[in-house]
Amino acid sequence: MTTKEEEKEWLFGKTLSELETLATEMGGKRYVGRQIAEWLYVKRITDIEGMTNLSKSMRERLQQKYVVGRIGYETVQQSVDGTRKYLFPTLGGAAIESAYIPDGQRATLCISSQSGCRMGCRFCMTARQGFLHNLSSGEILNQICSIEESERLTNVVYMGMGEPLDNLEQVLRSLEILTAPWGFGWSPTRITLSTVGVLPSLVRFMRESKVHLAISLHNPFGAERQQIMPVQNKYGIEEVVKELKNYDWGGQRRISFEYILFEGINDTERHIKGLCRLLKGLRCRVNLIRFHRIPDTALSPSSMERIEFFKDAMNREGIITTLRASRGEDIFAACGMLSTKNKHINA
């Protein structure tokens, strides 16, 4: 059973323009919206009553309809390599996972944008559970604020559960709050968004944000890519790359391609040549990823020897190619392993 407080709308996750509109609708001045934004995203207060530079009457009006918002994590698991996986409940009654990855001076949080996913990639455990619901911008940002290491974070990657561009409006709102001077004030260069290539949402994302972009590629040949990534039927990788080549990737913004290597599926010299042809003329890098075995799949990871061969051959062709270190595999926090299908949130 929900309480009256739980039925109230979140302030956390609203943009400055939304907060300014909200303030005027409640009889206040527009600048009150900026004051609320500072409490939410700079001071990170969790109670409207603590917004002490707002009039008592304004706070009372806000409390009738709104709460600050925020949800604490339910559980946390720690890997032998220091990676931590957090389980969060959602407003939609489901759950999501986030992965905190420490690496020297760098501390990255891999956040989710949906509970579940509708893209159906064969190598991904999130896809196995299907799509449950989109997260609000507040729920997306809540993952950043509500982990124990929040103040240590140097980077955020939208690479957790879900396809970010399948939840475009809420993701763009979260990015605005994360990078705006009235919000978290982060540089866009600290943020990367990963997508399978959902057009035309991809075009709008490139136009309306400045964060780094990572494309889940995994096979340069459309017919073969379709066998492991059904999205190829609607948004072909050739069309996606063509669109990317029309964009000016100058300055600090980066584009990379994620490529999971499967034994005998996409790790041959033919695939190296196909990948080089596909990406020719695009200033980018390729991140190779070792496949992390998931239950009930015929897919197998390529050998490390094959992965190194693939990497060296790509670099010889002039495409910067690196191998991404696997983190958190023992707690199912590595790439493609996040899933809440068999996890239950306490009522």
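Nothing here was measured: the structure is a model prediction, and the numbers come from that model.

Quick notes on the rules
Residues numbered from 1 in each chain as written. Predicted model: local features only at pLDDT ≥ 70, side-chain atom pairs only at ≥ 80, totals over all residues. Heavy atoms only, no water. Helix = DSSP H or I, 4+ residues; strand = E, 2+ residues; numbered from the N terminus. Buried < 20%, exposed > 50% of the residue type's maximum accessible area, 1.4 Å probe, protein only. Contact = heavy atoms within 4.5 Å. Areas by Shrake-Rupley, 256 points an atom, 1.4 Å probe, with all protein chains shown as cover. Lys, Arg positive; Asp, Glu negative; His and termini not counted. Charge placed at Lys NZ, Arg CZ, Asp CG, Glu CD. Salt bridge = Lys/Arg side-chain N within 4 Å of Asp/Glu carboxyl O. Polar contact = N/O pair within 3.5 Å; in protein donor to acceptor, adjacent residues only side chain to side chain. Pairing = 2+ DSSP bridges. Axes fitted to C-alpha atoms, helices over the stretch in contact; angles between N-to-C directions. Parallel < 35°, antiparallel > 145°, perpendicular 65-115°, else oblique. Left-handed = near helix turned anticlockwise from the far one by under 90°. Nonpolar A, V, L, I, M, F, W, Y, C, P; charged D, E, K, R; others polar. Phe/Tyr/Trp six-rings, centres within 6.5 Å; stacked < 30°, edge-to-face > 60°. Lys NZ or Arg CZ within 6 Å of the ring centre and 35° of its normal.

Trainee: Report on the overall build of the chain, specifying residues and quantitative values.
Mentor: When helices and strands are counted, the chain shows 12 helices and 14 strands. C-alpha atoms of the chain, sized along the principal axes, occupy 70 × 45 × 40 Å. Residue burial in the chain is summarised as follows: out of 347 residues, 56% are buried. In the chain, once contacts between residues fewer than 6 apart in sequence are set aside, the share between residues at least 24 apart is 66%. When the accessible surface of the chain is split by element, carbon and sulfur atoms take 48% of a total near 15,800 Å². Each charge class in the chain can be summarised by its mean position, and for the 46 positive and 40 negative side chains these summaries are 3 Å apart.

Trainee: Talk me through the side chain of Q35; I want residue IDs and the actual numbers.
Mentor: Here Q35 lies in helix α3 (residues 31–42). Apart from the residues lying within four places of it in its own chain, the contact partners of Q35 are N53 and L54.

Trainee: Summarise the side chain of R225; cite the residues concerned and give the values.
Mentor: Along the chain, R225 turns up in helix α9 (residues 222–228). This buried residue, R225, is left without a salt bridge; E238 holds the nearest opposite charge, at 6.9 Å. Within polar-contact distance, the side chain of R225 engages the backbone oxygen of S216 at 2.7 Å. Beyond its immediate stretch of four places on either side in the chain, R225 contacts V196, S216, L217, N219, V231, Q232, Y235 and I237.

Trainee: Explain the environment of M119 to me, using residue names and the numbers behind them.
Mentor: Locating M119 in the fold gives a position in the loop between β7 (114–116) and α5 (125–128). Placed 110 residues apart in sequence, M119 and M229 show a C-alpha to C-alpha distance of 7.5 Å. If near-sequence neighbours (up to four positions away) are discounted, M119 is found in contact with E163, D166, V196, V198, P230 and V231.

Trainee: Could you give me a rundown of the sheet that holds strand β9 (residues 155–158), with the residues and numbers involved?
Mentor: In space, the 10 strands of this open sheet follow the order β3-β4-β5-β6-β9-β10-β11-β12-β13-β14, with mixed pairing throughout. Single-partner strands in this sheet number two, and they are β3 (75–78) and β14 (320–324). Between one strand axis and the next, the sheet turns by 20° as a mean value, whatever way the strands run. Of the strand pairs in this sheet, β9 and strand β10 (residues 191–195) are connected by 3 bridges, and their pairing is parallel. Looking across to β10, one finds that V157 is bridged to T192. Packed onto the sheet, helix α8 (residues 201–208) meets β10 and β11 (212–216) and runs at close to 160° relative to β11. Strands β11 and β12 (255–261) of the sheet are contacted by helix α10 (residues 237–245), whose axis makes an angle of about 160° with β11.

Trainee: Can you lay out the packing of α8 against α10 for me, pointing to particular residues and giving the numbers?
Mentor: How two helices pack is summed up by the angle between their axes together with the distance between the axes. Viewed as axis vectors pointing N to C, α8 and α10 meet at an angle of 25°, and their least axial separation amounts to 11 Å. When the interaxial angle is binned, α8 and α10 end up roughly parallel. Judged by the twist between their axes, the crossing of α8 over α10 is right-handed. Side by side, α8 and α10 meet where L202, V203 and M206 of the first sit next to V240, E243 and L244 of the second.

Trainee: Let's hear about the packing of helix α6 (residues 137–145) against helix α7 (residues 168–179): which residues, and what values?
Mentor: It is at 8 Å that the axes of α6 and α7 come closest, and there the two elements cross at 45°. As the angle between them shows, α6 and α7 are arranged oblique. Viewed along their axes, α6 and α7 form a crossing whose handedness is right-handed. Every residue of α7 that contacts α6 at S137, I140, L141 and I144 is listed here: Q170, V171, R173, S174, I177 and L178. Considering only residue class, the contact of α6 with α7 consists of 6 nonpolar, 3 polar and 1 charged.

Trainee: Lay out the packing of aromatic side chains with the relevant residues and their values.
Mentor: The full count for this structure, using the stated rule, is 10 aromatic pairs. Site record: aromatic cluster; members linked through ring pairs are F12, Y41, W182 and F184. Cation over ring: R70 sits above F12, and NZ or CZ is 5.5 Å from the ring centre. The ring of F205 has R253 lying over it, and the distance from NZ or CZ to the ring centre is 5.3 Å.

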